[in-house]
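# A structural walkthrough
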Amino acid sequence: MSARPSKKPVRAALLGLAVALPASLALAGTGQATPAPSAPASAPAPAPTVAIRHADAAAPGLDEPHKKDIAMRLVSSAENSSLDWRAQFTYIEDIKDGRGYTAGIIGFCSGTGDMLELVEHYTQRKPGNPLAPFLPALRKANGTASHAGLGKPFEDAWHKAAQDKAFQDAQESERDRVYFDPAVKQAKDDGLRALGQFAYYDASVMHGPGSGKNSFGGIRKAALAKAKPPAQGGDEKTYLNAFLDARKKAMRGEEAHNDTSRVDTAQRVFLDSGNLDLVPPLKWKVYGDSYQINE
């Protein structure tokens, strides 16, 4: 993941290991300490138990198709200054951030490994595609900002491939494998509803799903040091505020992230209003631009 020149922030971390999306349903609870029943006078009273709160199974999670589309539009407002996330399959440019080319629906980068994995995945699905001849150059460019063996022929090939439904599907598949599915799984394990699931996903897209200090794993670790998530008996809103605070600190750790409006005037707006299930209508701002999703 990388950033567009004028508005999009830069992902600092390289890719982490992907985790498959779980099929399990979460449990609902109160999130409050519940005293045990009184014991006979002759027996010691048992220790109190805590009712663990997990993601509410009655409300759709972020992996429900309509909620997922909302998530894609929310991310696209920050990444592309547009709600039309499907228009980004063809996007490719070098934004001079040291990560080579940035391209596609979530900014796959030639310098960070996810673009290489995407093209390898596409070529497995469809050998002989327009991008397949550039695989040797992409392998050499990985970890650098180099255009060697790429350049305009590669850009033209990307535009051509982006018209192919198989390449569009490959972009969505890699987005889910590397970013969306692991983030939503972790959020559900932490007992978070759709807003918390989105906060995790958006952080993973921007910062990378690794465990470094300014990666998603490091941000979550910092939040856990301040508050307990619902799955550990904590209050959901308190925990999400701690997560967003940690996210802002990580954003400010890199120059390109110093505009934190995608947290301040978007996710925090939903949280402050108590919209933990991301129910439309949704109104927010990113980088001063206003957006709205009505249904």
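Quick summary incoming for the structure in this document. On a predicted model such as this, the values are computed, not experimentally measured, just so you know.

Rules of the game
Residues numbered from 1 in each chain as written. Predicted model: local features only at pLDDT ≥ 70, side-chain atom pairs only at ≥ 80, totals over all residues. Heavy atoms only, no water. Helix = DSSP H or I, 4+ residues; strand = E, 2+ residues; numbered from the N terminus. Buried < 20%, exposed > 50% of the residue type's maximum accessible area, 1.4 Å probe, protein only. Contact = heavy atoms within 4.5 Å. Areas by Shrake-Rupley, 256 points an atom, 1.4 Å probe, with all protein chains shown as cover. Core = buried A, V, L, I, M, F, W, Y, C linked by side-chain atoms within 4.5 Å. Phe/Tyr/Trp six-rings, centres within 6.5 Å; stacked < 30°, edge-to-face > 60°. Lys NZ or Arg CZ within 6 Å of the ring centre and 35° of its normal. Pairing = 2+ DSSP bridges. Axes fitted to C-alpha atoms, helices over the stretch in contact; angles between N-to-C directions. Polar contact = N/O pair within 3.5 Å; in protein donor to acceptor, adjacent residues only side chain to side chain. Parallel < 35°, antiparallel > 145°, perpendicular 65-115°, else oblique. Left-handed = near helix turned anticlockwise from the far one by under 90°. Nonpolar A, V, L, I, M, F, W, Y, C, P; charged D, E, K, R; others polar.

## Describing the overall build of the chain
For the chain, the helix and strand inventory stands at nine helices and seven strands. Looking at the chain residue by residue over its 295 residues, the buried ones come to 53%. Counted over contacts in the chain with a minimum sequence separation of 6, partners at least 24 positions apart contribute 63%. Looking at the chain as shown, the accessible area adds up to about 13000 Å², and 54% of this sits on carbon and sulfur atoms.

## Quick word on the nonpolar core
Counting residues in each nonpolar core, the largest one holds 75 residues, and the members touching the most others are Phe154, Tyr201 and Phe243. Each residue touching Tyr201, except ones within four places of it in the same chain, is listed here: Met72, Val75, Ile106, Arg175, Tyr179, Phe180 and Ala183.

## As for the packing of aromatic side chains
Applying the stated rule across the entire model yields twelve aromatic pairs. What links up through ring pairs into an aromatic cluster is the set Tyr101, Tyr122, Phe134, Phe154, Trp158 and Phe167. For Lys68, the ring lying beneath its charged end belongs to Phe180, and the centroid distance is 4.7 Å.

## Considerations on the sheet that holds strand 4 (residues 101-103)
Here we have three strands laid out as an open sheet, ordered 3-4-5, and antiparallel in their pairing. Looking at the sheet topology across the chains shown, the edges are occupied by strand 3 (92-94) and strand 5 (108-109). Relative to strand 4, strand 3 runs antiparallel, the two sharing three bridges. Residue pairing across strands places Ile92 opposite Ala103, the latter belonging to strand 4. Across the sheet, helix 4 (residues 151-161) touches strand 3 and strand 4, and the angle it forms with strand 4 is around 10°.

## Thoughts on the environment of Glu93
Structurally, the position occupied by Glu93 is in strand 3. The exposure class of Glu93 is partly exposed, given its relative accessible area of 27%. Along the chain, Glu93 and Lys152 lie 59 residues apart, while their C-alpha atoms are 10.0 Å from each other. One polar contact links Glu93 to Tyr91, side chain to side chain, over a distance of 2.7 Å.

## Comments concerning helix 9 (residues 261-272)
Three or more residues of helix 9 are buried, namely Ser261, Arg262, Val263, Ala266, Gln267, Arg268, Phe270 and Leu271. In this fold, the buried residues of helix 9 make contact with helix 1 (65-79), helix 6 (194-207), helix 8 (236-251) and strand 6 (282-286). At the exit of helix 9 stands Gly274, carrying a positive phi of roughly 80°.

## Observations concerning the packing of helix 2 (residues 114-125) against helix 5 (residues 165-189)
Relative to each other, helix 2 and helix 5 sit at 130°, their axes nearing to 9 Å. Classed by the angle they form, the pair helix 2 and helix 5 counts as oblique. In this structure, helix 2 meets helix 5 at a crossing whose hand is right-handed. Mapping the contact onto sequence places Asp114, Glu117, Leu118, His121, Tyr122 and Arg125 in helix 2 and Ala166, Phe167, Asp169, Ala170, Gln171, Ser173, Glu174, Arg177, Val178 and Tyr179 in helix 5. Of the residues assigned to the contact of helix 2 with helix 5, the class counts are seven nonpolar, three polar and six charged.

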